[in-house]
Amino acid sequence: MTRPLPTRRPHVTDAPRRRASLFARRSWGETSRISAILRKETVGGAFLLAGALLALIWSNSPWSDGYRALRDLRFGPAALHLDLSLATWAADGLLAIFFFVAGLELKREFVAGDLRDPRRAAVPVAAAAGGVLVPAVLYSLIADGDAAQGWAIPTATDIAFALAVLAVVGRFLPAALRTFLLTLAVVDDLLAIVIIAVFYTSDLAVGPLLGALVPLAVFALLVRRRVRSWWLLLPLAAATWVLVHESGVHATVAGVLLAFTVPVLRSQAAGGPDAGPGLAEHFEHRFRPLSAGVAVPVFAFLSAGVTVGGLAGLVTALTDRAAIGVVVGLVLGKPVGIMLATWLVSRFTRADLDEGLNWLDVLGLALLGGIGFTVSLLIGELAFGLGSERDGHVKVAVLTGSLVAAILATVILRGRSRLYRRVHEAENVDLDRDGVPDVYQPEPGRPDGR
C-alpha cells in the first residue's frame, strides 16, 4: 500500500508580499517635526512673497531710483574686501544663514532621518537629481553663447515659495507627500550649493580657503562639546565666512560647512541619542525663524526688484534666450525631471504609490518643484552680474516661470482636494486617545511611536 505524499507546509515566502511604497509614512515623532518645519517655512513663504511684491512695485514706480539707490548702498570694511552693496550683503551674508539651516536639516536627514535608509532616500534623491539634470539640459539646448553660463538657474526649488502655494491650495496634502517635497528641496539645496561652489567660483585663492579651516575646526570642536555660547561661536562662524568670501568661493558655502560640523545626535558621554535632541536641532529651532522670516525675505526684496518697462519691456525680457531657457526649465524641465526620476525608481524597485494616490499627485508635486526663486535669483546674479540687463531678464523669467508652475500645480492639487481631505481625516483618527494618530506604528523600542 502506497503511502500518501506528505502535504507541503506553506513556506513564509509563499505568502503574498506587499510591495514597497514610494511615499511610505514616517513615524509620528518625525511627522510632527516635519510639520513644525513646514509651518515655519510657510510663514516664511508669505514674507518672501510680500518682499518680492514690494520690490516689484517700488522698482516699477516713479520712485524706482530710490529702490536702486538703496540696493546699491555700499558699506563695510574695505581692508577685508567687504565694502559691499546692500544687495550683495543680502546675497552673500543673509543667504549664508539660509544655507546654514538647510545644511542642518540635510545632515539630520542623513544621520537620523529617512535619508539614512538607502531605500527611503532613493526616491527624493533621484527626484532631486532629475529635477536638476533635465532643466539644465533644456536650458543648454535653448541658450547659447554668453547666455549658456546661466544653465543652473532653473535647477533650484524654493521650498518657502512652494509651501506658500500649498498653504492656499493643498493644506490637506497627505503628510508623506509634504515630507517628500521637503526632502526633495533639501537635497536640491545641497546640489545647488555644490553647483555654486564648483561652477560659479572665480579667481580661487587657496590661502584664505585653507585659513578658513582653522576657525571652522575650532567651531567644530566646541559644538562637539555642546558649547552653545554665542560669544564664542559667532566670531568663529564670522571668521569662517570672511575667509571663504576672501577665497573667491561664494560665501554661502561657509553656512553649509559650519552646519555639517554640528552634531545631530548626543554622544554617549552626553547621554546618548535617547537623552534628547542634539545640538543641530537646537540651532535649527533658533535659526530657522531668522532664515525664513528675515534672511530670505530681505534677499527677495533686494533681488526681485526689476524694472519691467511695461508690456514692451516684458516681451523684450521674455524673448531673451536665457529667459526662455529659464521659463522652459522651470515649467517643463523641473516636473519632467522629477516625474521621470520617480518613475524610474518605481520601475527598478517595483515600488507602488500609496493606496488612493496616482501619478497625477506626483505631477502636482513636481510642478511645485518648478517654483524657483531664492537660489535661482542668486545663481542669475552670479552668472550675469547683479544689475546687468540680462540679470534683469532672468529675474523676469524666474518670476514668470515660478508663477506659471504655481498656477499649474494649483489646478492639479485643487482637483484632488477631496481625496486629500479624506486622507487627512484618516491620518488624524486617534481612537485610543493616546495623542498619536492610529495610523502611525510605534518605532522599535518606543511604544508611543515617538
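Each value, and the rule that gives it
- Every chain is numbered independently, its residues counted from 1 as its sequence is written.
- Reporting of local features is limited, given that this is a predicted model, to residues whose pLDDT is at least 70; pairs of side-chain atoms are given and counted only at 80 or more, and all residues count toward the totals for whole chains, interfaces and linings.
- Excluding hydrogens and water, the side-chain figures rest on all heavy atoms present in the structure.
- Every helix listed is a DSSP run of H or I at least four residues long, and every strand listed is a run of E at least two residues long, numbered separately from the N terminus.
- Residue exposure (1.4 Å probe, protein chains only): buried if accessible area is under 20% of the type maximum, exposed if over 50%, otherwise partly exposed.
- Contacts are residue-level and defined by heavy atoms, with any inter-residue pair within 4.5 Å sufficient.
- Each accessible area is a Shrake-Rupley result for a 1.4 Å probe, and residues are judged covered by the shown protein chains and nothing else.
- Salt bridges are counted wherever a side-chain nitrogen of Lys or Arg sits within 4 Å of a carboxyl oxygen of Asp or Glu.
- Aromatic rings from Phe, Tyr and Trp, taking only the six-membered ring of Trp, are treated as a pair when their centres fall within 6.5 Å; an angle between ring planes under 30 degrees marks them as stacked, one over 60 as edge-to-face, and anything in between as tilted.
- Site definitions follow a grid-based scheme: protein atoms alone, a 1 Å grid, a 1.4 Å probe that fits but cannot get out for cavities, and for pockets an open set with protein on both sides within 12 Å along at least five of seven lines, plus lining residues having an atom within 4 Å of a point.
- Grid points are joined across faces, edges and corners, and a volume is the space filled by probe spheres set on the points.
- Residues are sorted three ways: Asp, Glu, Lys and Arg are charged, Ala, Val, Leu, Ile, Met, Phe, Trp, Tyr, Cys and Pro are nonpolar, and all the rest, Gly among them, are polar.
- Under the rule applied, a polar contact is a pair of N or O atoms within 3.5 Å (in protein, one hydrogen donor and one hydrogen acceptor; residues adjacent in sequence only if both atoms are side-chain atoms).
- Surface patches are defined over residues having more than 30% relative accessible area and no salt bridge, joining like charges when they lie within 9 Å and nonpolar side chains (Val, Leu, Ile, Met, Phe, Trp, Tyr) when within 5 Å.
- To get an axis, a line is fitted to the C-alpha atoms, and for a helix only the part in contact is used. The angle between two axes follows their N-to-C directions and goes from 0 to 180 degrees.
- Any angle that is under 35 degrees is reported as roughly parallel, and any over 145 degrees as roughly antiparallel; angles of 65 to 115 degrees are reported as roughly perpendicular and all others as oblique.
- Each crossing is labelled by how the near helix is turned from the far one, with a counterclockwise turn of less than a right angle marking it left-handed and a clockwise turn marking it right-handed.
- For the purposes of this section, nonpolar cores are sets of buried Ala, Val, Leu, Ile, Met, Phe, Trp, Tyr and Cys residues that join through side-chain atoms within 4.5 Å.
- Per-residue confidence from the prediction method is given by pLDDT, with values spanning 0 to 100.

Q: Can you break down the overall build of the protein chain residue by residue, with the values?
A: Within the protein chain, the regular secondary structure consists of 17 helices and two strands. The proportion of buried residues among the 450 residues of the protein chain is 50%. Sequence-distant contacts in the protein chain: of pairs separated by 6 or more residues, those separated by 24 or more amount to 79%. In the form shown here, the protein chain has an accessible surface area of approximately 21500 Å², with 64% of it arising from carbon and sulfur atoms.

Q: Tell me about the pattern of salt bridges, and please be specific about residues and values.
A: A full pass over the atoms with the stated rule returns ten salt bridges. Note that Asp391 and Lys395 form a salt bridge whose closest N and O atoms lie 3.5 Å from each other. In this pair, Asp391 and Lys395 are both assigned in helix α16 (residues 389-415), four residues apart and thus about one turn of the helix distant. Here Asp391 matches Lys395 in class, with each residue buried. Ionic contacts of the salt-bridge type, sharing partners, join the residues Glu105, Glu284 and Arg288 into one network.

Q: Tell me about the packing of aromatic side chains, and please be specific about residues and values.
A: According to the stated counting rule, one finds eleven aromatic pairs in the structure shown. Between Phe100 and Phe283 the ring centres are 6.4 Å apart and the planes differ by 50 degrees, which places this aromatic pair in the tilted class. Here the residue Phe100 occupies a position in helix α3 (residues 86-111), and Phe283 occupies one in helix α11 (residues 279-303), the gap between them amounting to 183 residues. Here Phe283 falls in the buried class, since its relative accessible area comes to 6%. Judged by centre distance (5.7 Å) and plane angle (80 degrees), the ring pair of Phe161 and Phe373 falls under edge-to-face.

Q: Hey, could you go over the layout of surface pockets for me, with residue numbers and the actual values?
A: A probe as big as a water molecule, rolled over the atoms, marks out the empty space that is left. Looking at the second largest pocket, its volume works out to about 680 Å³. Residue lining of the second largest pocket: 22 residues in total, with Ile97, Leu234, Ala237, Ala238 and Phe287 positioned closest to the centre. Of all the elements in the fold, those that place two or more residues in the lining of the second largest pocket are α3, α9 (230-247), α10 (252-260) and α11. By residue class, the composition of the lining of the second largest pocket is 17 nonpolar, three polar and two charged.

Q: Can you tell me about the side chain of Thr252, naming the residues and giving the values?
A: Along the chain, Thr252 falls in helix α10. According to the relative accessible area criterion, Thr252 is buried, its value standing at 0%. Among the polar contacts listed, one links the side chain of Thr252 to the side chain of His250, at a separation of 2.8 Å. When near neighbours in sequence (up to four residues on either side) are disregarded, Thr252 contacts Ala91, Asp92, Leu95, Ala96, Phe99 and Ile193.

Q: If you had to explain empty space enclosed by the protein to someone new, which residues and values would you point to?
A: Under the defined criterion, the tally for this structure stands at five cavities of 30 Å³ or more. Size it by volume and the largest cavity reaches roughly 110 Å³. Around the largest cavity sit Ile37, Glu41, Phe98, Val101, Ala102, Glu105, Ile159, Leu182, Val186, Asp189, Arg288 and Ser291, which together line it. Counting residues per element, the ones that place at least two in the lining of the largest cavity are α1 (28-59), α3, α6 (175-199) and α11. If one sorts the elements of the lining of the largest cavity by residue count, α3 sits on top with four residues. Of the residues that constitute the lining of the largest cavity, the class distribution is seven nonpolar, one polar and four charged.

Q: Explain a nonpolar patch on the surface to me, using residue names and the numbers behind them.
A: Together, Leu332, Val336, Leu340, Trp343, Leu344 and Phe348 make up an exposed nonpolar region whose accessible area comes to about 590 Å². Position of Val336 among the secondary structure elements: in helix α13 (residues 321-349).

Q: Lay out α10 in plain terms, naming residues and giving numbers.
A: Side chains that are three or four residues apart share a direction in an α-helix, a result of its 3.6 residues per turn. Counted residue by residue, α10 has seven buried out of nine residues, so it is predominantly covered. Of all the residues in α10, the buried ones are Thr252, Val253, Ala254, Gly255, Val256, Leu258 and Ala259. On its buried face, α10 sits against α3, α6, α8 (213-224) and α9.

Q: An account of the packing of α11 against helix α15 (residues 374-384) is requested, with residue identities and associated values reported.
A: Closest axis-to-axis distance for the α11/α15 pair is 10 Å, and the angle between their directions is 45 degrees. Judged on the interaxial angle alone, α15 and α11 are oblique. In terms of crossing hand, the pair formed by α11 and α15 is left-handed. Packed against α11, whose contacting residues are Val296, Phe299 and Ser303, the element α15 presents Thr374, Leu377, Leu378 and Glu381 at the interface. Class assignment of the residues belonging to the contact of α11 with α15 gives a composition of four nonpolar, two polar and one charged.

Q: Which residues make up the nonpolar core, and what are the values?
A: Counting residues in each nonpolar core, the largest one holds 104 residues, and the members touching the most others are Phe23, Leu368, Ile371, Phe373 and Tyr420. If we skip the residues at most four places from it in the chain, Tyr420 touches Phe172, Leu173, Pro174, Leu177, Leu357, Asp361 and Leu413. By size, the runner-up hydrophobic cluster in this structure holds 17 residues, among which are Leu233, Ala237, Ala259 and Ala280.

Q: Which residues make up the confidence of the model for the protein chain, and what are the values?
A: The predicted model of the protein chain averages 84 in pLDDT, with 88% of residues at 70 or higher. The least confident element of the protein chain is helix α17 (residues 417-427), whose mean pLDDT is 76; the most confident is α8, at 96. Here residues 4-18 is a poorly scored stretch, pLDDT under 50, and it has one contact once near neighbours within four places are set aside; other chains count. Low confidence marks residues 444-450, where pLDDT is under 50. Its contacts with residues over four positions away, or in another chain, come to 14 contacts.

Q: How would you explain the packing of α3 against α15 if you had to name every residue and give the values?
A: One can describe the packing of α3 onto α15 by two numbers: an axis separation of 12 Å at closest approach and a directional angle of 145 degrees. Considering the relative orientation of α3 and α15, their crossing is left-handed. On α15, the residues touching Ala91, Leu95, Phe98 and Phe99 of α3 are Thr374, Val375, Leu378 and Glu381.

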